[in-house]
Every structure is written in C-alpha cells, then in structure tokens.
Amino acid sequence: MRLALGTLLVSLVAALGVSAPAGADPAYPTSPFGDPTGANDWSCHPSELRPEPVIIVHGTFGDRKDLLDDLSAAMVAQGFCVFSLDYGNRATGPIEQSAQELKDFTAKVLAATGATKVSMVGHSQGGMMPRYYIKFLGGDAVVDDLVGLSPSNHGTTVVGDPSNPLTGATFGSYCPACEQQAAGSEFLQNLNAGDETPGPVSYTQITTRYDEVVVPYTSAYLAEGPDTTNITLQDTCPTDLADHLRIPMSKAAIGWTLDALTHAGPADPSFRPECGI
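Please read these numbers as outputs of a predicted model, since none were measured by experiment.

A. Layout of the overall build of the chain. Within the chain one finds 10 helices and 6 strands. Relative to its full complement of 277 residues, the chain shows a buried share of 55%.

Structure below.
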C-alpha cells in the first residue's frame, strides 16, 4: 500500500503528461470525478442542531473527493453542511501557502452559510495543515473542532525511503510539502513550538497502528490537554486493519469523527464506535 501511494505522483505525471517550464514546478491535475458524496452544496444552510458546516481537508497527492466519499456521506446523513476543497497543487506545494488557501475557502463557506464557525476533518497533511491556519493565520477565531485522521502532526521518521510518499527522495523537487513533513523539519519545529493546541479549538487525532506513512503512528498525537483527545483505532477495534490510505473509510474512524462533531469538546475517550471497514 505504501508503494502504491508512493508511486501515485509519478503515475500522475507520466499518465497525464504533466510538464512545466524550466525552473517551474509542475501543475498536477485534480480528480475529474467531482465532489465527495453530498458535499459542496452551496445552498446548504446549517440547522439549529448542526450549526457549524464541516470542511474536509484532503492529504498529500489527494483531492477533494479521493478516499473521502464515505466520510462525507456519513456527515451529510447526520445533518451537516459539508464542504471540501482542492488546495496546494494536490497538497504538494508549501504548506504555508496551502493554509492560506484553506483560510480563503473557509471565508467563502462562512459567507455562503451564514455560520460564525466551522469544523474541519482532515486526512494526513489535511489534519496537520489546518493547525498552521489556526496558529498563525487567525483560524483560532473560526474553527471549533479539528479532527485529524492519521495527521502528520510531528511528521514521519521514514526519511529517504523512495516508497514513502511524504519524504521519498523521488519527490524532493516536485513536492515541497513532502520535505516539510519529515520529522524534525524546520516547518514542523515552528508549528509545534510552544502550545500545540492553541485557541478555543477542540482537537481530536485518530490514528492506526498500521500507518506505514506517518511513522511512528503516535507522531499523529498532540500534547495532552482538556481539549485534546488522541485515539488509536485498534485500542477499541483490535481487528480494524485500516492503514494510512484507508483510515478515512474505517467505520470506527468515522464514528469517532461524528462523536467529536456532535457535542462540545473533542471526541469522548469512552465512546465506542462500530468497528469494521
């Protein structure tokens, strides 16, 4: 699975004939398959029960739909207005710039829905990058919940392995965000300096022991605090085999996500979700 993800970018470049002028970064096309199930209905207005729209944030090399249909459909079924964006040239560009794109998209969602706050659910880089928006770009004023699914909060220690898409040398010139997600990078040192969970934001991290991309899987965790919950799927669902790619489709991960979004604070550690994929 790691090898398959690791070759995704190369496959896109080869199959789609991506090219760029000398000295310029290539532009990667997004998915032609549109929006995730039920998402991006710009006429949706939040209800009294579900007052905050939810923004789904994809991971590195992903797009607004890939891997995210089950997650989106589950949130829509619970009455949420759900939105999903493409950002950062398939999330390969500098994470600081991607966070600005997320800020702009959030402003658009708030204007369209009339809401005062949003929640965010992100996979991989998509669970970590919103923290930059929250910490440095004013997102703490408008983000209520941040749920990360195998977020790269402290990066990965699997550095230089060409089969690891976040740090493989193959992608160095194509993916600035990949280098930023190596454990100990200047970007991550800056992001994690001081308070890892700033603002009146509830933080839920959901990870899996079978994560082969964000290594070790516990690097997804954030510093403990009253508004932070760190979850490993197999502690509750021992037979859940979700890896890095499949965690957004895990019933348990989706269950934990909905728990976090449907009450004040982060996910309840005593909650017991349905297990399975």
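B. Structural context of the pairing of strand β6 (residues 228–232). Most of β6 is tucked away, with 4 of its 5 residues classed as buried. In this structure, strand β5 (residues 202–207) lies alongside β6, joined through 5 bridges in parallel fashion. Note that in β6 the partner of Thr-207 across the bridge is Thr-232.

C. The arrangement of the packing of aromatic side chains in detail. Applying the stated criterion to the full structure yields 5 aromatic pairs. Ring geometry for Tyr-132 and Phe-136: centres 4.8 Å apart, planes at 50 degrees, overall tilted. Note that Tyr-132 and Phe-136 are positioned in helix α6 (residues 125–136) at a spacing of 4 residues, about one turn of the helix. On the basis of relative accessibility, which here comes to 14%, the residue Tyr-132 falls in the buried class. Connected via pairs of aromatic rings, a cluster forms that spans Trp-42, Phe-83 and Phe-105. Directly above the aromatic system of Trp-42 lies the positively charged group of Lys-108, at a separation of 4.5 Å from the ring centroid.

D. A look at the state of the cysteines. Throughout the structure, instances matching the rule amount to 3 disulfides. The disulfide bridge from Cys-237 ends at Cys-275, spanning 1.9 Å between sulfur atoms. Taking the torsion about the sulfur-sulfur bond, which here is approximately -75 degrees, the covalent link between Cys-237 and Cys-275 counts as left-handed. Of this pair, Cys-237 sits in the loop between α9 (233–236) and α10 (251–261) while Cys-275 sits in the segment after α10, placing them 38 residues apart in sequence.

Each value, and the rule that gives it
Residues numbered from 1 in each chain as written. Predicted model: local features only at pLDDT ≥ 70, side-chain atom pairs only at ≥ 80, totals over all residues. Heavy atoms only, no water. Helix = DSSP H or I, 4+ residues; strand = E, 2+ residues; numbered from the N terminus. Buried < 20%, exposed > 50% of the residue type's maximum accessible area, 1.4 Å probe, protein only. Pairing = 2+ DSSP bridges. Phe/Tyr/Trp six-rings, centres within 6.5 Å; stacked < 30°, edge-to-face > 60°. Lys NZ or Arg CZ within 6 Å of the ring centre and 35° of its normal. Disulfide = S-S within 2.5 Å.

By themselves, these are just geometric observations and shouldn't be taken as functional.
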